[in-house]
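Chain residues, written in single-letter form:
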Amino acid sequence: MKEIKTLLMPRLWSVRNGGLSREAVGGRIRFYLFGSIGLIFWVGMFVIFYRVLKYFKAAEGFGDILATKLLSMVIVTFFSLLIFSSIITALSKLYLSRDLQLVHSMPVAVEDIFLARWFESTFDSAWMVAIFSLPVFLSYGIVYKAGILYYCTMVMTILPLCLISSAISAIIVMAVAVILPAGRIRAVFVFFGIILFLLLIIAMRMIRPEQFVNPEGFSTLVTYFKSLETPGSPLLPTTWIIDGIRSALAGYGGALKSVLFELALIWSCALTCIFAAVWIAEAVYFPGFSKTQTTPGRL
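Residues numbered from 1 in each chain as written. Predicted model: local features only at pLDDT ≥ 70, side-chain atom pairs only at ≥ 80, totals over all residues. Heavy atoms only, no water.

Draft legend 1. Up close: the side chain of serine 125. The topology assignment puts serine 125 in helix H5 (residues 110-143). Of note is the side chain of serine 125, whose polar atom sits 3.3 Å from the backbone oxygen of threonine 122. Beyond its immediate stretch of four places on either side in the chain, serine 125 contacts Leu82, Ser85, Ser86 and Thr89. (Helix = DSSP H or I, 4+ residues; strand = E, 2+ residues; numbered from the N terminus. Polar contact = N/O pair within 3.5 Å; in protein donor to acceptor, adjacent residues only side chain to side chain. Contact = heavy atoms within 4.5 Å.)

Shown next, in the form of structure tokens:
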């Protein structure tokens, strides 16, 4: 643990001493500029979700079903974004950073180097998604007048979601780095990311949501609402998070017991994924890094 802390110290020093550099004034200007844009976007997300949830809550019968389904879609979307962001960040931190040759020349175990870089990768890939998920969860808490249990559950589920996505992404990157040089993996993942984005757009158009406002298709709409009540796969971490947040949001008698059960599932999954990532890193991380050094060029 001491070695991991030592490897993380340069990152902490750079954050602490960032205001002492010659470019500190320009950095502050960029910080205020992009911070203002991010704040506007954050407030806009909150207003949109708040108004949508108020409309759902006013709809008797299927309003709560729609709100739950919207929550599941948001969490699955956040998880997908975390996976893709973590893959790119883990690739950069584990294989393409310029200081890795110096770090690997030190008398430090491979798993300590991997954990230090993995912690940096997890933070860099998750902080933005975590911040911009807050307006969604806050709007649910305000509209449904949730108690302290809901907000504690919200915090205790966002963190393991980030850890799981980061650990899975690191395993994927290490597995592919054994086959392909890391400099070429980035181009491959960016290409597949563009293809995935296009497929999502095509899938949304194939759903044809404009049909739901057609009175002639009301019977189909009723069937659709019935299908919304079907739960997700119990093997997915997103399902555990949705069930835990939904129980905390409802606040019924057995909410605490249900929330603790779902939290136990999600945290045990997160710790298992971290253990698996470290175990795999001991075997394949350094061979993959060595293969990266023989690559003639980086894309």
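So much for the structure itself; the text now carries on.
Draft legend 2. Region of interest: unusual backbone geometry. Of note in this structure, lysine 145 is not a glycine but carries a positive phi near 50°. As for its position among the elements, lysine 145 is in the loop between H5 and helix H6 (148-177).

Draft legend 3. Up close: the pattern of salt bridges. Going through the model one piece at a time under the given rule, you end up with four salt bridges. Where lysine 93 meets glutamate 120, a salt bridge forms, and the shortest distance between an N and an O atom there is 3.4 Å. You can see lysine 93 sitting in helix H3 (residues 63-96) and its partner glutamate 120 sitting in helix H5, a full 27 residues away along the chain. Residue glutamate 120 is classed as buried on the basis of its relative accessible area of 9%. Put simply, arginine 246 and aspartate 243 hold a salt bridge, and the shortest N to O gap is 3.0 Å. Highlighted residues: arginine 246 and aspartate 243, both in helix H9 (residues 237-250), separated by three residues, approximately one helical turn. With relative accessibility at 39%, the residue arginine 246 sits in the partly exposed group. The network of salt bridges with shared partners includes Lys93, Glu120 and Asp124. (Salt bridge = Lys/Arg side-chain N within 4 Å of Asp/Glu carboxyl O. Buried < 20%, exposed > 50% of the residue type's maximum accessible area, 1.4 Å probe, protein only.)

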